[in-house]
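One letter stands for each residue in the lines below.
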Amino acid sequence: MLVYLSTVSRPAAAEPGSGPRRRRFALVSGNVVALGTVSLITDVSAEMVAAVLPLYLVLGLQLSPVAFGVLDGVHTGATALLRVVGGFAADRFRRRKLIAGIGYTLSAVAKLGLLLAGRSIPAIGAVIAVDRLGKGVRSAPRDALITLSSPPEALGRAFGVHRAMDGVGAFLGPLAAFAVLLVVGQSYDAVFVTSFCIAALAVVVLVLFVRERPAGEPTEQPGEPTVSVREAFGLLRGGPARRLVLAAAMLGLATIGDGFVYLLLQRREDLGLRWFPLLAVGTSLAYLLLAAPLGVLADRIGRLPVVIGGYTALGATYLLLAGPVDGWPLIVLTLALYGAFYAATDGVLIALAGPVLPARLRTTGIALVQTGQALAYLVSSVLFGLAWQAWGPENAIRAAAVAVAGVLVGTLLLLASPSRLITRKVPR
């Protein structure tokens with residue numbers, strides 16, 4: 001493994017003749033910027049729907065906390081296994097852009113499906129599953145393209161810039177939903193149609209500007225064997241990859257859905273319904289401001305400490321929601337810490353995984369990490385919904401904070417190995 005890590009430390013995305021000084025001043029590659037633009041536009045679309053969906057389901061359709069937990073888990077976890085299928089297909093056929101494009105298209109079409117679902121809970125669940133299928137299929141190929149478009153020592157920065165652009169979209173999405181609702185009243189259909197049009201634009205940008213083969217990626221050699229199923233799942237027999245997947249699953253168990261966090265804030269502060277979409281704006285603002293700096297910090301001090309810090313912020317968020325603080329201080333602190341959690345973990349975890357995954361299996365490996373986290377998130381959402389209904393929201397969120405503390409201890413035991421292959425900084 002030490003030999004392997006020394007080979008991936010070479011900056012594969014460097015231009016011929018570019019030295020270390022030139023790379024130091026190049027922020028990220030053009031492919032990362034193009035992928036960030038696609039994510040920005042897509043997140044405007046996705047967050048328009050996400051900002052009103054908890055309100056629509058819980059207050060409009062009168063769903064119980066358990067039913068909302070199940071739907072929220074489906075929103076992220078029900079199609080998690082298909083992430084591995086998409087990742088494996090992208091590696092086997094070396095068509096990461098194509099697989100990502102299919103995922104983005106599915107998510108766009110799902111926005112129109114919400115119009116047809118009406119008030120049918122099973123139909124809404126099916127549409128949400130299709131939307132998450134699209135996200136599951138596209139996430140690993142997109143992140144693999146980022147890792148292959150960036151030198152290993154700058155992966156934290158590349159993911160930080162990408163996630164910051166993604167955060168801009170997440171910031172603008174709820175504002176767009178808020179504006180649509182102000183113009184047309186409580187018409188969720190108008191939000192869904194606008195969201196579809198924006199999602200379709202993202203697919204166009206992907207087709208026109210994202211490169212299938214990033215600069216510096218080795219071309220296929222004649223007679224080179226294609227990736228097999230056995231080889232792909234053989235990643236789980238390797239120490240670092242297996243520990244990363246297990247750690248990602250544990251971290252997913254400690255994460256409840258955004259909808260629960262915002263519903264708890266809305267209940268505690270008795271916020272007007274029209275202001276509900278703006279809660280996501282506060283989280284997104286903190287996320288987009290912190291994603292790039294925390295990505296750079298992860299490259300400098302190590303990625304695992306930044307991830308641990310992010311989950312510490314998550315635990316503090318949960319404690320705030322059950323604590324004595326109220327009013328505007330509660331809202332500001334909760335949304336700031338929640339945004340810091342996402343900024344410190346979303347891209348940094350994948351940047352941590354990148355150097356220990358071989359290039360030909362990079363997409364599959366990333367998909368395995370994401371799948372472990374998503375399946376655990378599905379379980380977490382259902383359990384939190386049950387806890388809310390059985391113990392009340394305050395006791396449920398306290399239990400979630402305790403779970404975060406336990407998971408952090410387990411993550412450190414898994415990843416802080418004696419060999420330091422995962423926790424150490426990538427050499428410059």
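Refer to the structure presented above.
Read on for an overview of the structure. (Residues numbered from 1 in each chain as written. Predicted model: local features only at pLDDT ≥ 70, side-chain atom pairs only at ≥ 80, totals over all residues. Heavy atoms only, no water.)

## Quick word on the overall build of the protein
Next, step 1: Counting secondary structure elements, the protein contains 17 helices and zero strands.
Next, step 2: Burial statistics for the protein: of 428 residues in total, 57% are counted as buried.
Next, step 3: A separation of at least 24 residues holds for 86% of the contacts in the protein among residues at least 6 apart in sequence.
Next, step 4: Accessible surface, the protein: about 17,200 Å² in total, of which carbon and sulfur atoms supply 69%. (Helix = DSSP H or I, 4+ residues; strand = E, 2+ residues; numbered from the N terminus. Buried < 20%, exposed > 50% of the residue type's maximum accessible area, 1.4 Å probe, protein only. Contact = heavy atoms within 4.5 Å. Areas by Shrake-Rupley, 256 points an atom, 1.4 Å probe, with all protein chains shown as cover.)

## Notes on helix H7 (residues 121-148)
Next, step 1: With 28 residues, H7 should cover 40 Å at 1.5 Å per step; its first-to-last C-alpha distance of 41 Å lies within 8% of that length.
Next, step 2: Of all the bends in H7, the largest measures some 30 degrees and sits at Arg-138, one to four residues before the proline Pro-141.
Next, step 3: Of all 28 residues making up H7, 21 are buried, and the element is well covered by its neighbours. (Expected span 1.5 Å × (residues − 1). Bend = angle between axes of the 7 residues up to and from the residue.)

## Quick look at helix H8 (residues 155-184)
Next, step 1: With 30 residues, H8 ought to run about 44 Å at 1.5 Å a step, and its terminal C-alpha atoms sit 43 Å apart, in line with that.
Next, step 2: The element H8 is extensively covered by neighbouring structure, given that 21 of its 30 residues are classed as buried.
Next, step 3: In the segment just after H8, Gly-185 is the residue with positive phi, at about 80 degrees.

## Concerning the pattern of salt bridges
Next, step 1: Summed over all chains, the structure comprises five salt bridges.
Next, step 2: For Arg-163, the salt bridge goes to Asp-143, with nearest N and O atoms at 3.2 Å. Of this pair, Arg-163 sits in helix H8 while Asp-143 sits in helix H7, and the two are 20 residues apart along the sequence. Of the two residues examined, Arg-163 and Asp-143, each falls in the buried class.
Next, step 3: With a shortest N-O distance of 2.7 Å, Asp-299 and Arg-303 are connected by a salt bridge. As far as the burial class goes, Asp-299 and Arg-303 line up, both buried.
Next, step 4: Overlapping salt bridges bring together Arg-142, Asp-143, Arg-163 and Asp-346 as one network. (Salt bridge = Lys/Arg side-chain N within 4 Å of Asp/Glu carboxyl O.)

## Some points on the environment of Phe-276
Next, step 1: By the element assignment, Phe-276 lies in the loop between helix H12 (258-269) and helix H13 (277-301).
Next, step 2: Given a relative accessible area of 2%, Phe-276 falls into the buried group.
Next, step 3: Each residue touching Phe-276, except ones within four places of it in the same chain, is listed here: Ala-51, Pro-54, Leu-55, Tyr-262, Leu-263 and Gln-266.

## A word on the nonpolar core
Next, step 1: Counting 110 residues, the largest nonpolar core has Leu-57, Ile-256, Tyr-262, Leu-279, Tyr-318, Phe-384 and Ile-397 as the members making the most contacts within it.
Next, step 2: Top element by residues in this core is helix H15 (residues 327-353). It accounts for 13 residues.
Next, step 3: Ignoring sequence-local partners within four residues, the contact set of Leu-279 consists of Tyr-262, Leu-265, Leu-271, Ile-331 and Leu-335. (Core = buried A, V, L, I, M, F, W, Y, C linked by side-chain atoms within 4.5 Å.)

## Notes on the packing of H8 against H15
Next, step 1: Axis separation between H8 and H15 bottoms out at 9 Å; the angle between their running directions is 150 degrees. If you check the angle between H8 and H15, you find them roughly antiparallel. H15 is crossed by H8, and the crossing has right-handed handedness. Judged by residue contacts, Leu-155, Gly-156, Phe-159 and Arg-163 of H8 engage Asp-346, Gly-347, Ile-350 and Ala-351 from H15. (Axes fitted to C-alpha atoms, helices over the stretch in contact; angles between N-to-C directions. Parallel < 35°, antiparallel > 145°, perpendicular 65-115°, else oblique. Left-handed = near helix turned anticlockwise from the far one by under 90°.)

## Quick notes on the side chain of Ser-45
Next, step 1: Mapped onto the elements, Ser-45 comes out in helix H3 (residues 30-60).
Next, step 2: Here Ser-45 falls in the buried class, since its relative accessible area comes to 1%.
Next, step 3: What Ser-45 contacts, discounting residues up to four positions off in sequence, is Lys-111, Ser-195, Phe-196, Ile-198 and Ala-199.

## What about empty space enclosed by the protein?
Next, step 1: As enumerated under the stated definition, the model contains three cavities of 30 Å³ or more in all.
Next, step 2: Roughly 40 Å³ of internal volume is contained in the second largest cavity.
Next, step 3: Around the second largest cavity sit Leu-235, Leu-236, Ala-241, Leu-244, Val-245, Ala-353, Leu-357, Gly-365, Leu-368 and Val-369, which together line it.
Next, step 4: Contributions of two or more residues to the lining of the second largest cavity are made by helix H11 (239-253) and helix H16 (362-391).
Next, step 5: Partitioning the lining of the second largest cavity into residue classes produces nine nonpolar, one polar and no charged. (1 Å grid on protein atoms, 1.4 Å probe; cavity = no way out; pocket = protein on both sides within 12 Å on 5 of 7 lines; lining within 4 Å. Points joined across faces, edges and corners; volume = space filled by probe spheres on them. Nonpolar A, V, L, I, M, F, W, Y, C, P; charged D, E, K, R; others polar.)

## Thoughts on a nonpolar patch on the surface
Next, step 1: On the surface, Leu-201, Val-204, Val-207, Leu-208 and Phe-209 cluster together to form a nonpolar patch covering roughly 520 Å² of accessible area.
Next, step 2: Along the chain, the position of Val-207 falls in helix H9 (residues 188-209). (Patch = residues over 30% accessible without salt bridge, like charges linked within 9 Å, V, L, I, M, F, W, Y side chains within 5 Å.)

## Examining the packing of aromatic side chains
Next, step 1: This model, assessed by the stated rule, comprises eight aromatic pairs.
Next, step 2: Here Tyr-338 and Phe-341 contribute two aromatic rings whose centre-to-centre distance is 6.1 Å and whose plane-to-plane angle is 20 degrees, an arrangement assigned as stacked. Here the residue Tyr-338 and the residue Phe-341 both occupy positions in helix H15, the gap between them amounting to three residues, near one helical turn.
Next, step 3: Taking the relative accessible area as the measure of exposure, Tyr-338 reaches 0% and is therefore buried.
Next, step 4: Owing to a relative accessible area of 3%, Phe-341 belongs among the buried residues under this scheme.
Next, step 5: Measuring from centroid to centroid gives 4.8 Å for Phe-341 and Tyr-342, while their planes differ by 50 degrees, and the two rings are tilted. (Phe/Tyr/Trp six-rings, centres within 6.5 Å; stacked < 30°, edge-to-face > 60°.)

## Considerations on the packing of H13 against helix H14 (residues 303-321)
Next, step 1: Relative orientation of the contacting elements H13 and H14 amounts to 135 degrees, with a least axis distance of 7 Å. Between H13 and H14, the crossing angle belongs to the class labelled oblique. Listed contacts from H14 to Leu-294, Leu-297, Ala-298, Asp-299 and Ile-301 of H13 are Arg-303, Pro-305 and Val-306.
Next, step 2: Its residues placed into classes, the contact of H13 with H14 shows six nonpolar, no polar and two charged.

## Points about the environment of Val-332
Next, step 1: Turning to its location among the elements, Val-332 is positioned in helix H15.
Next, step 2: Taking the C-alpha atoms as reference points, Val-332 and Thr-283, 49 residues apart in sequence, are found 9.2 Å from one another.

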